[in-house]
Amino acid sequence: MIRDDRRNCEQAVKAIANVLMIDNSVRVFAAAKLLETLSKNSSLLFHMMNSRKALCTAYLQAVHRSRPGKLTIKNKLEQKTVKMRWEQSDLLLLGLIQLWAVTFMMMEDKYPGY
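In this text, all values refer to a predicted model and were calculated from it rather than measured experimentally.

### With respect to the overall build of the chain
Stage number 1. From N to C terminus, the chain includes 6 helices and 0 strands.
Stage number 2. Counting helices and strands in the order they occur from the N terminus, the chain gives α-α-α-α-α-α.
Stage number 3. In the chain, of all internal contacts separated by at least 6 residues, the share reaching a separation of at least 24 is 71%.
Stage number 4. In the structure as shown, the chain presents an accessible area of about 7,700 Å², 59% of it carried by carbon and sulfur atoms.

If you want it as structure tokens, here you go:
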């Protein structure tokens, strides 16, 4: 899907991370689905760019943002479809993080440093 060179992979990962930080549930869900597709169909170079610490914290911040500790008026007034979309994108992102962790733990001898 993405040409296998460093610049293209880096730009794709940064663009997805930027979209995940937007406060629009439709775009965040679409970006999460795109990230899932790219993760399953891309090369090791894409995964190397994706596993940088700054990007991993951006993914976790995206999940944390949509799970507030306090219930605000905005959260109470959100429609059920919007809440459901946020929950789906959270589950998708958390599932991807878990998938990456398991995959690279199982292949630790082949891919050291992940």
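There is more to say, and it comes next.
### Observations regarding helix 2 (residues 25–41)
Stage number 1. An ideal rise of 1.5 Å per residue puts 24 Å on 17 residues; helix 2 measures up with 24 Å between its terminal C-alpha atoms.
Stage number 2. All of the buried residues in helix 2 are Ser25, Val28, Ala31, Ala32, Leu35, Glu36, Leu38 and Ser39.
Stage number 3. Structurally, the start of helix 2 carries an N-cap: the backbone nitrogen of valine 26 is 3.1 Å from a side-chain oxygen of asparagine 24.

### As for the pattern of salt bridges
Stage number 1. Scanning the model with the defined rule gives 3 salt bridges in all.
Stage number 2. For lysine 33, the salt bridge is made with glutamate 36, and the minimal N-O distance between the two is 3.5 Å. Taken as a pair, lysine 33 and glutamate 36 lie in helix 2 at a separation of 3 residues, close to a single helical turn.
Stage number 3. Lysine 40 is the salt-bridge partner of glutamate 36, the closest N and O atoms lying 3.2 Å from each other. Here glutamate 36 and its partner lysine 40 are both found in helix 2, 4 residues apart, which amounts to about one turn of the helix.
Stage number 4. The exposure class assigned to glutamate 36 is buried, which follows from its relative accessible area of 18%.
Stage number 5. Residue classification places lysine 40 among the exposed positions, given a relative accessible area of 54%.
Stage number 6. Three or more residues joined by partner-sharing salt bridges are found here, namely Lys33, Glu36 and Lys40.

Scoring rules and cut-offs
- Residues numbered from 1 in each chain as written.
- Predicted model: local features only at pLDDT ≥ 70, side-chain atom pairs only at ≥ 80, totals over all residues.
- Heavy atoms only, no water.
- Helix = DSSP H or I, 4+ residues; strand = E, 2+ residues; numbered from the N terminus.
- Contact = heavy atoms within 4.5 Å.
- Areas by Shrake-Rupley, 256 points an atom, 1.4 Å probe, with all protein chains shown as cover.
- Expected span 1.5 Å × (residues − 1).
- Buried < 20%, exposed > 50% of the residue type's maximum accessible area, 1.4 Å probe, protein only.
- Polar contact = N/O pair within 3.5 Å; in protein donor to acceptor, adjacent residues only side chain to side chain.
- Salt bridge = Lys/Arg side-chain N within 4 Å of Asp/Glu carboxyl O.

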